[in-house]
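Given next are the chains, with one letter for each unit.
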Amino acid sequence: MARSKVADFVDYSGDEDEWQEKNIRGLVRTKSVEDTLAPLIVQVTTLVQHGARRERTHKVTRLAQAVDKAVEQFIEEGKKIAQENITIQNEMLKACHNVASAGGVMHDAAFSFASDPQSTECRAAMVQASRSLLVTITRLLIIADVADVHRLLSATSRVQSRLPGLSEVGSVGELVEKLKVVGPDIANLLHLAEHRQRDLKNRRCSEELASARATIVKTSKMLLTSTKVYLEHPNVATAQLNRKFVLDQMCEAVAVISRVADGEQQPDEPQADGGQLADDIETFATMLEEPLSSQQLQHTARQRMEVIVSAAATLASSEYTRDPQQDQITTECNAVRVQFNKLLQLCSSGQAGSQAATEKVHLIQRGLKQLKKEMCKGVCDHVSDIFLDVTSPAVMLVDAAEKGDSAMLEQAVEFFTNHTEQMNKVVQLCSSTSSDKEATKLLHSVSKQFHSLTPQLVNAAKTVVATRGSHRKGGKKAVTTAQTNLMMFRDAWQETAALLTDAIDNTTSMHEFLAVSEFHVKEDMAGCLEAVRLRDHQMLDQHANLVRGRCMRLLRVVQCGMVDRSHRCTAEQLENVNVVVMELRNKALANFSMATDGVYNKLMRLHDPSQADFQAVEASVLNMRDAIIDLRRTVAANVVCPSVCVFVAMSRAVVCIADTEVTLNFFPGRWFTWWL
């Protein structure tokens with residue numbers, strides 16, 4: 001097996017001075033090494049400090065003996081590791097020898113210091129000896145960590161050598177036998193990778209291992225069924241695509257574990273539109289802080305502004321952006337463009353750095369902040385509509401496949417594909433307008449998995465229909481296997497869709513989503529009232545289902561948001577929000593469902609609802625409206641929000657929080673950071 005890059009990094013050819021000049025903290029990659037070093041560092045530090053405080057000699061001696069005992073334990077454990085790991089035996093034994101030598105020097109220096117704790121020379125000698133001892137012990141621990149890396153690499157090599165055999169099996173019996181062999185190796189790999197994941201200090205590497213482990217667990221369940229379907233129907237192209245996808249996913253995940261264990265860093269992949277619009281707005285606002293004295297700067301600034309305005313106009317013209325929000329975005333775009341043109345006029349007349357130009361810059365910057373806020377609300381319009389119910393298209397696809405109707409399946413595939421494409425567009429919008437790089441990175445990672453699973457669910461559904469003929473000929477087992485394979489891909493897709501929804505929610509503001517959802521619910525409740533007036537049971541059922549779906553989605557966002565913010569909120573604040581959540585779910589929403597269902601059932605039976613029924617629906621709608629408003633206000637009042645940085649052009653500003661106007665006094669011309 002090739003030597004690990006971690007082992008190559010720990011080079012023993014250099015002398016002690018070279019090692020001491022290196023950044024030891026950079027060499028330590030795992031938490032266990034730090035935790036093991038911490039007690040020794042405390043002991044050595046305490047030893048030096050006791051001398052500085054003129055403690056008695058016997059206390060210093062006792063601390064020196066404790067350090068000697070710790071050194072002996074390190075040497076003993078190092079020799080055990082050397083016996084158990086032949087690949088690093090020579091390096092580990094040499095490390096133990098160096099620790100013993102450094103420990104001897106430390107022993108002599110410590111007892112010399114104990115005999116004369118006020119001696120500057122003894123103190124300096126002991127400090128130097130302690131540093132050398134820590135360096136050599138760190139070296140020993142890193143080599144011990146390399147032993148863990150070798151075990152993990154060995155496990156990945158075994159799995160990698162056996163995975164290709166799964167693609168060459170010719171029967172179900174042979175597949176089962178090979179899975180019995182590779183199964184324990186995969187379980188061992190997952191165990192070692194989990195331990196490494198928890199131990200790594202690098203968060204990105206730890207997340208990569210976690211993602212790879214999850215992929216292996218997920219694809220392991222799908223490997224048996226997809227391969228069985230392919231073996232029973234080798235001429236069905238979609239079955240072959242399913243099996244190839246599963247094997248490729250598993251091989252890629254194992255390769256990721258091997259790369260991370262070997263210490264290789266994956267280069268950052270450029271994410272399409274990852275926070276691009278948010279960055280463009282920030283860059284443009286920063287660019288305006290410098291005087292636009294030249295025509296080239298003015299031309300560049302205008303280009304940047306047009307890019308931002310064009311993106312905003314595209315969002316505003318989308319079918320999912322509501323008319324009021326579209327008007328707000330258009331108004332803010334026009335305001336920014338007007339102020340920018342006035343700024344260019346001042347710059348062209350030689351007033352680039354004047355007070356008037358500075359005021360225009362401040363107005364543009366505030367306009368950009370407001371424009372971004374309105375665009376985020378427009379994105380929330382899309383999130384509220386597209387991610388209202390992400391599972392129904394998949395359920396329709398599975399139902400059509402199980403019925404074996406090719407025409408119905410094609411319609412379901414078209415609907416499912418269109419819906420997933422809309423979801424991907426919303427992902428791009430959220431990542432483009434989000435300033436949270438970590439949330440955007442997670443969103444792209446989950447979106448990549450979602451994008452790869454979507455066509456495979458379609459392939460699994462088509463496989464069920466393609467093997468339908470074997471059922472009529474008595475091939476019930478083949479159909480059952482194909483259906484089981486479809487269920488596997490359906491569960492994997494739905495799990496990834498749920499993760500994608502959570503990732504979307506992490507990139508959007510909970511408060512903006514609440515405000516947008518409140519507006520959408522009011523729209524749908526107005527539709528319910530109109531349906532009751534027209535006595536249209538289908539329209540009533542459609543709008544009532546939308547109200548219920550939006551409320552449940554809203555409640556889930558609030559509950560997940562409160563969990564994420566629980567460390568910044570008191571128990572009383574969490575309880576306040578929870579009370580309002582339960583009020584909306586158990587009372588307002590339940591009463592609304594009861595009232596609308598009663599009217600719907602009467603309309604279905606062609607019976608005219610009574611006046612009391614109409615009044616019950618109206619009352620439930622009013623209660624729902626009040627409950628949603630209370631929820632938004634309670635969340636705004638009890639949830640700690642990020643700071644809001646506002647440029648104050650005047651000496652007084654009026655800020656609205658939870659529909660309450662608060663007047664604040666400032667120093668004009670200053671940036672003011674306010675924690676809500």
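Rules used in this analysis
Residues numbered from 1 in each chain as written. Predicted model: local features only at pLDDT ≥ 70, side-chain atom pairs only at ≥ 80, totals over all residues. Heavy atoms only, no water. Helix = DSSP H or I, 4+ residues; strand = E, 2+ residues; numbered from the N terminus. Buried < 20%, exposed > 50% of the residue type's maximum accessible area, 1.4 Å probe, protein only. Contact = heavy atoms within 4.5 Å. Areas by Shrake-Rupley, 256 points an atom, 1.4 Å probe, with all protein chains shown as cover. Polar contact = N/O pair within 3.5 Å; in protein donor to acceptor, adjacent residues only side chain to side chain. pLDDT = per-residue confidence, 0-100. Core = buried A, V, L, I, M, F, W, Y, C linked by side-chain atoms within 4.5 Å. Salt bridge = Lys/Arg side-chain N within 4 Å of Asp/Glu carboxyl O. Phe/Tyr/Trp six-rings, centres within 6.5 Å; stacked < 30°, edge-to-face > 60°. Lys NZ or Arg CZ within 6 Å of the ring centre and 35° of its normal.

A word on the overall build of the protein. The secondary structure content of the protein amounts to 23 helices and 4 strands. The proportion of buried residues among the 676 residues of the protein is 45%. Contacts in the protein between residues far apart in sequence, at least 24 positions, make up 77% of those at least 6 positions apart. Of the roughly 33,800 Å² of accessible surface on the protein, a fraction of 52% belongs to carbon and sulfur atoms.

For Thr433, the position within the fold is in helix 16 (residues 406-433). Note on Thr433: relative accessible area 10%, which makes it buried. A distance of 3.0 Å separates a polar side-chain atom of Thr433 from the backbone oxygen of Leu429.

Another point: the confidence of the model for the protein. Here the protein shows a mean pLDDT of 82. Residues at 70 or above account for 85%. Scored below 50 in pLDDT, residues 1-23 shows 45 contacts in the model against residues more than four places distant or in partner chains. Here residues 471-478 scores under 50 on pLDDT; set against residues more than four positions off or in separate chains, the count is 8 contacts.

The next point concerns the environment of Ile364. Mapped onto the elements of the fold, Ile364 is located in helix 14 (residues 355-386). Owing to a relative accessible area of 0%, Ile364 belongs among the buried residues under this scheme. Along the backbone, Ile364 and Val338 are 26 residues apart, and their C-alpha atoms lie at a distance of 9.1 Å. Discounting chain neighbours no more than four positions away, the residues touching Ile364 are Phe284, Leu288, Val336, Gln339, Phe340 and Leu343.

All right, on to the nonpolar core then. Ranked by size, the top nonpolar core spans 142 residues in total, and within it Met624 and Leu631 carry the most contacts. Here this core gets 11 residues from one element, more than from any other, and that element is helix 10 (residues 237-261). With near-sequence residues (within four places) excluded, Met624 lies in contact with Met525, Val547, Cys551, Leu584, Ala588, Leu589 and Phe592. In this structure, Leu37, Val44, Ile88 and Met92 belong to the second largest nonpolar core, which totals 32 residues.

Under the definition given, this model contains 29 salt bridges. Notably, a salt bridge pairs Asp185 with Arg158, separated by 3.9 Å at the nearest N-O pair. You can see Asp185 sitting in helix 8 (residues 172-199) and its partner Arg158 sitting in helix 7 (residues 120-166), a full 27 residues away along the chain. What makes Asp185 buried here is its relative accessible area of 12%.

The next subject is the packing of aromatic side chains. As enumerated under the stated definition, the model contains 4 aromatic pairs in all. Seen from their ring centres, Phe245 and Phe489 are 6.4 Å apart, and the 45° between their planes marks the pair as tilted. Here Phe489 lies in helix 19 (residues 476-507) and Phe245 lies in helix 10, a separation of 244 residues in the sequence. Like Phe489, Phe245 is buried. Judged by centre distance (5.3 Å) and plane angle (40°), the ring pair of Phe450 and Trp493 falls under tilted. Highlighted residues: Phe450 in helix 17 (residues 437-466) and Trp493 in helix 19, separated in sequence by 43 residues. Relative accessible area serves as the criterion here: at 0%, Phe450 is assigned to the buried category. Put simply, the rings of Phe416, Phe450 and Trp493 pair up and form one aromatic cluster. Between the NZ or CZ atom of Arg243 and the centre of the ring of Tyr230, over which it lies, the distance is 4.1 Å.

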